[in-house]
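Secondary and tertiary structure notes
Spelled out from the first residue to the last, the chains are:
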Amino acid sequence: MTDMQCAVDAQAKLAECPRWDERTQTLYFVDIDSFILYAYNTKTKKLTSREFDEEIGCFSLVENGGFIAAFRSGVFTFEHINADLKPYWLATYDQRTTRFNDGRCDAKGRFLAGTMYSPKDAFNGALHQFSGGKENLIDQAAWTSNGLAFSPDNTIMYYSDTPNHVVYQFDYDLENGTASNKRVFIQFPHGNGRPDGAAVDSDGNYWSALYQGQRVVKISPQGEILEEYPVPATYPTMVAFGGPEMTTLFVSTCRGAQTDEELKQFPQAGGIFALETNVKGQIEPRFAG
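Here is a short report on the structure shown in this document. (Residues numbered from 1 in each chain as written. Predicted model: local features only at pLDDT ≥ 70, side-chain atom pairs only at ≥ 80, totals over all residues. Heavy atoms only, no water.)

1. Comments concerning the sheet that holds strand 10 (residues 98-105)
In spatial order, the strands read 10-11-12-13; together these four strands make up an open sheet with antiparallel pairing. If you trace the sheet from one side to the other, it starts and ends with strand 10 and strand 13 (134-142), each paired once. Between one strand and the next, the sheet's axes are offset by a mean angle of 25°, whatever the strand orientation. Inspection of the sheet shows strand 10 paired to strand 11 (residues 111-117) by six bridges, in the antiparallel sense. Residue Arg104 lies in a different strand from strand 11, and its bridge partner there is Leu112. (Pairing = 2+ DSSP bridges. Helix = DSSP H or I, 4+ residues; strand = E, 2+ residues; numbered from the N terminus. Axes fitted to C-alpha atoms, helices over the stretch in contact; angles between N-to-C directions.)

2. Digging into unusual backbone geometry
The phi angle at Gln25 is positive, at roughly 55°, despite the residue not being glycine. The residue Gln25 is located in the loop between strand 2 (15-21) and strand 3 (26-31) in this model. Under the relative-accessibility criterion, Gln25 is labelled buried at 18%. For Lys120, which is not a glycine, the phi torsion comes out positive at approximately 50°. In this structure, Lys120 sits in the loop between strand 11 and strand 12 (125-131). Here Lys120 falls in the partly exposed class, since its relative accessible area comes to 32%. (Buried < 20%, exposed > 50% of the residue type's maximum accessible area, 1.4 Å probe, protein only.)

3. Describing the side chain of Ser220
Residue position: Ser220 is located in the loop between strand 20 (215-219) and strand 21 (225-230). Relative accessible area serves as the criterion here: at 5%, Ser220 is assigned to the buried category. The residues touching Ser220, leaving out its near neighbours within four places in the chain, are Phe185, Asn205 and Leu226. (Contact = heavy atoms within 4.5 Å.)

Below, the structure written as structure tokens:
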């Protein structure tokens, strides 16, 4: 393995949700605090973007083209990066305290997205599921929803609560889209990084970006930390596998939280970093509608 290198020096306030499009070899990601969706074509090295009127927390590609995305005000679809937004589900929570954060699709093409509760004094963050024009509540017991990922056989769902330093496992029924038997997968000690966004490789290992931990950790399906990889930024936010062979680990990072001293040490914080690994990631499922 090589050291982590900056792939896109985006200078984002809060880069999140890196997502690989294997059809076009494009890396998408968002800057939540700047309301921007980015598209980086790895073949042409061209970076394009679209700015919205509110925070875009996460998104997935749609099977027949376009995007489904979770914003502060709800979930919307759009046919291409500059297309008009079409409402799919409008928020029923208090938008002054709550917005969408992390999410992705399951293998049946349902879109799952979790919210964060900004006061962080109650477990009001929730995990929602969207499919067939309907919304279902999967879980409501987090401060900040993060780390959503699925095992290769789709029987396990992972879901983290970042401020509480915990990652959970659920049994996941893919046919019915239901989650049950919630239990602690790994509890991180306070003061050395918090589990943020994540991805699962084809071997079933869970890769978690440790916010304020300056590293990514690879965790076995049994909850054992197997390896740790330093990141040239204090605040890694999420990981995604991509590249021609699906062996490149992309890591998004936060710039807005860096102190002046940290920015001197990590001038490319807010960028997307890349690490060549010896494992393959999973192709990202697309929204079925």
